[in-house]
Protein chains: 2
Amino acid sequence: MASQQKTSRKAAAAAIRRPQARAANGRAHAGDAGDDIGLDALVGHAGYAVRRFQLWIFQDFIKTLATVDIRPTQYSVMTVIGANPGLSQMAVAKRLGIERARLVHLLDSLEERDFVSRIPSATDRRSHALHLTARGRSALAQFKRLAAEHERHVADKIGKDNRERLLQILACFT
Amino acid sequence: MASQQKTSRKAAAAAIRRPQARAANGRAHAGDAGDDIGLDALVGHAGYAVRRFQLWIFQDFIKTLATVDIRPTQYSVMTVIGANPGLSQMAVAKRLGIERARLVHLLDSLEERDFVSRIPSATDRRSHALHLTARGRSALAQFKRLAAEHERHVADKIGKDNRERLLQILACFT
DNA sequence: ATCAATTGTTGTCGTCAACAACAATCTTTC
DNA sequence: GAAAGATTGTTGTTGACGACAACAATTGAT
């Protein structure tokens, strides 16, 4: 493949020049940096819009909480544990739609930073009861303030009422 | 960490039993499999809902187009090239918000399957003019039919009008 | 007592975004 | 027209993330 690239770059300078069907949005020379590139069917696909939106929103979250070095998934884990102390890893994973294998590493890092502690369950010696540490509780309070600031960025971007509508539409997935 | 887990599992069976602050949504024993686990602040976060929604929507897309083995990103690349023949890799990457480094591998796979061809640009010997092959064009037509079916799944899930509203709200990101 | 299921853990694999470096090539500037 | 800087495609690495498979310890059911 690399060699194929090399050879095709060097050799076939006289390329196949087909009459070439015109673009759906009719542009002359499509190679330049103009921003009038049509998306065709993509504009009707919710998945594309959602992907772009999630990219933006996650980047803003990470940037807004960069000072405390907390990522969206870590925030969601701490929030759920804070609201439901004593949950097992299984319960947290199921509730948040995270693989329990992945949650292991997430909790490892949060435990290293002394935000969360795994306490052996009194009733089931297989499972751990998850709790926030004192440090974790006060940290989470700060995270929530920063997350609220991030949420204001979202409202600024798409509009306050649109954000409300969005939350309502997607409520069935939370 | 692994040893810490081992020891804590074996040793501290008599765990710390704090009086333990009650959960925000007031539950008795939080360790069981009940689905009444509160999300607390997460319900107000657009990012969380969007993440869950994107997970669902991408999985449905992949499943619906499994017979043709096309993933969302591949579909978006072929759609844009089909609508704008002759685009450079840079232009496609910028338009779709993909890293140009990542687009290289995407195009490699699409070129291997004879859906896309990189034709040396006549005006700029650095860049490639991207085109769909004849096989790529007819394949894309089928992909679009399947993608439309997927889009109906979305409408079934969140409601036809909600889907329209969603597309409208997120139009600024496409 | 035995067998199936659950829980946490470890590991691998593939996708994806972000970055950095590089050669080839184009563009700008003197 | 030659040097300096920018752009394009490519390669590679890193880290977050989802999916899956295996495993030991433990629990629950038969």
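Preceding block: the structure.
Nothing here was measured: the structure is a model prediction, and the numbers come from that model. (Residues numbered from 1 in each chain as written. Chains lettered and ligands numbered in written order. Predicted model: local features only at pLDDT ≥ 70, side-chain atom pairs only at ≥ 80, totals over all residues. Heavy atoms only, no water.)

1. A word on helix α6 (residues 134-158) of chain A
Here is the rule we go by: Note on conventions: DSSP H or I runs of at least 4 residues are helices, E runs of at least 2 residues are strands, and numbering of each starts at the N terminus. An expected span of 1.5 Å times one less than the residue number is assigned to each helix. Burial classes follow relative accessibility: with a 1.4 Å probe on protein chains only, a residue under 20% of its type's maximum area counts as buried, one over 50% as exposed, and anything between as partly exposed. Whether two residues are in contact is decided by their heavy atoms: any pair within 4.5 Å suffices.
Its 25 residues place the ends of α6(A) 36 Å apart at the C-alpha level, agreeing with the 36 Å of an ideal helix rising 1.5 Å per residue. What α6(A) keeps buried is the set Gly136(A), Ala139(A), Leu140(A), Phe143(A), Leu146(A), Ala147(A), His150(A), Glu151(A), Val154(A), Ala155(A) and Ile158(A). Buried residues along α6(A) sit in contact with α2 (46-64), α3 (72-83), β2 (128-132) and α7 (160-169) of chain A together with α2 (46-64) and α7 (160-169) of chain B. Once α6(A) ends, the next one or two residues include Gly159(A), with phi positive near 100 degrees.

2. Some thoughts on the packing of α2(A) against α2(B)
In a packed pair of helices, the relevant descriptors are the angle between the two axes and the axis-to-axis distance. Put simply, the test is: All axes are obtained by fitting lines to C-alpha atoms, using only the stretch in contact for helices, and the reported angles, taken between N-to-C directions, cover 0 to 180 degrees. We call a crossing left-handed when the near helix sits turned anticlockwise from the far one by less than a right angle, and right-handed when that turn is clockwise. Only Asp, Glu, Lys and Arg are considered charged, only Ala, Val, Leu, Ile, Met, Phe, Trp, Tyr, Cys and Pro nonpolar, and every remaining residue, Gly among them, polar.
Between α2(A) and α2(B), the shortest axis-to-axis distance is 9 Å and the interhelical angle comes to 140 degrees. In the crossing of α2(A) with α2(B), the sense of the turn from one axis to the other is left-handed. On α2(B), the residues touching Ala46(A), Gly47(A), Val50(A), Arg51(A), Phe53(A), Gln54(A), Ile57(A) and Phe58(A) of α2(A) are Ala46(B), Gly47(B), Val50(B), Arg51(B), Phe53(B), Gln54(B), Ile57(B) and Phe58(B). For the contact of α2(A) with α2(B), the per-class residue count stands at 10 nonpolar, 4 polar and 2 charged.

3. Description of the protein's contact with DNA strand D
Test applied: For each residue, the test is whether any non-hydrogen atom lies within 4 Å of the molecule or strand; if one does, the residue is near. Polar contact is the term for a pair of N or O atoms within 3.5 Å; when the atoms are in protein, one must be able to donate a hydrogen and the other to accept it, and sequence-neighboring residues count only if both atoms are side-chain atoms.
Lining the immediate environment of DNA strand D, one finds 23 residues, of which Arg102(A), Gln59(B), Met90(B), Arg118(B) and Arg126(B) sit closest. Among all atoms of DNA strand D positioned within 4 Å of the protein, those belonging to sugar or phosphate total 67%. Contact between DNA strand D and Arg71(A): a sugar or linking oxygen at 3.3 Å from a side-chain N or O atom of the residue. Interatomic distance of 2.9 Å between a side-chain N/O atom of Thr73(A) and a phosphate oxygen of DNA strand D. When residues of the surface near DNA strand D are traced back to their parent elements, those giving at least two are α1 (2-10) and α5 (100-112) of chain A together with α2, α4 (89-96) and α5 (100-112) of chain B. Residue classes in the surface near DNA strand D are distributed as 5 nonpolar, 7 polar and 11 charged.

4. Here we look at the protein's contact with DNA strand C
Residues in contact with DNA strand C amount to 24 residues; listed here are only the nearest, Gln59(A), Met90(A), Arg126(A), Arg71(B) and Arg102(B). In this structure, a phosphate oxygen belonging to DNA strand C sits 3.0 Å away from a main-chain N or O atom of Arg125(B). Among the secondary structure elements, those contributing two or more residues to the surface near DNA strand C are α2, α4 (89-96) and α5 of chain A together with α1 (2-10) and α5 of chain B. For the surface near DNA strand C, a count of residues per class yields 6 nonpolar, 7 polar and 11 charged.

5. A word on helix α3 (residues 72-83) of chain B
All names here are of chain B. Helix length check: α3, at 12 residues, gives a terminal C-alpha distance of 17 Å against a target of 16 Å (1.5 Å per residue), a fit within 8%. By the criterion of burial, α3 is predominantly enclosed, with 11 of the 12 residues buried. Looking at the buried positions of α3, the neighbouring elements they touch are α2, α4, α5, β1 (116-120), β2 (128-132) and α6 (134-158).

Nothing here speaks to function; it is geometry throughout.
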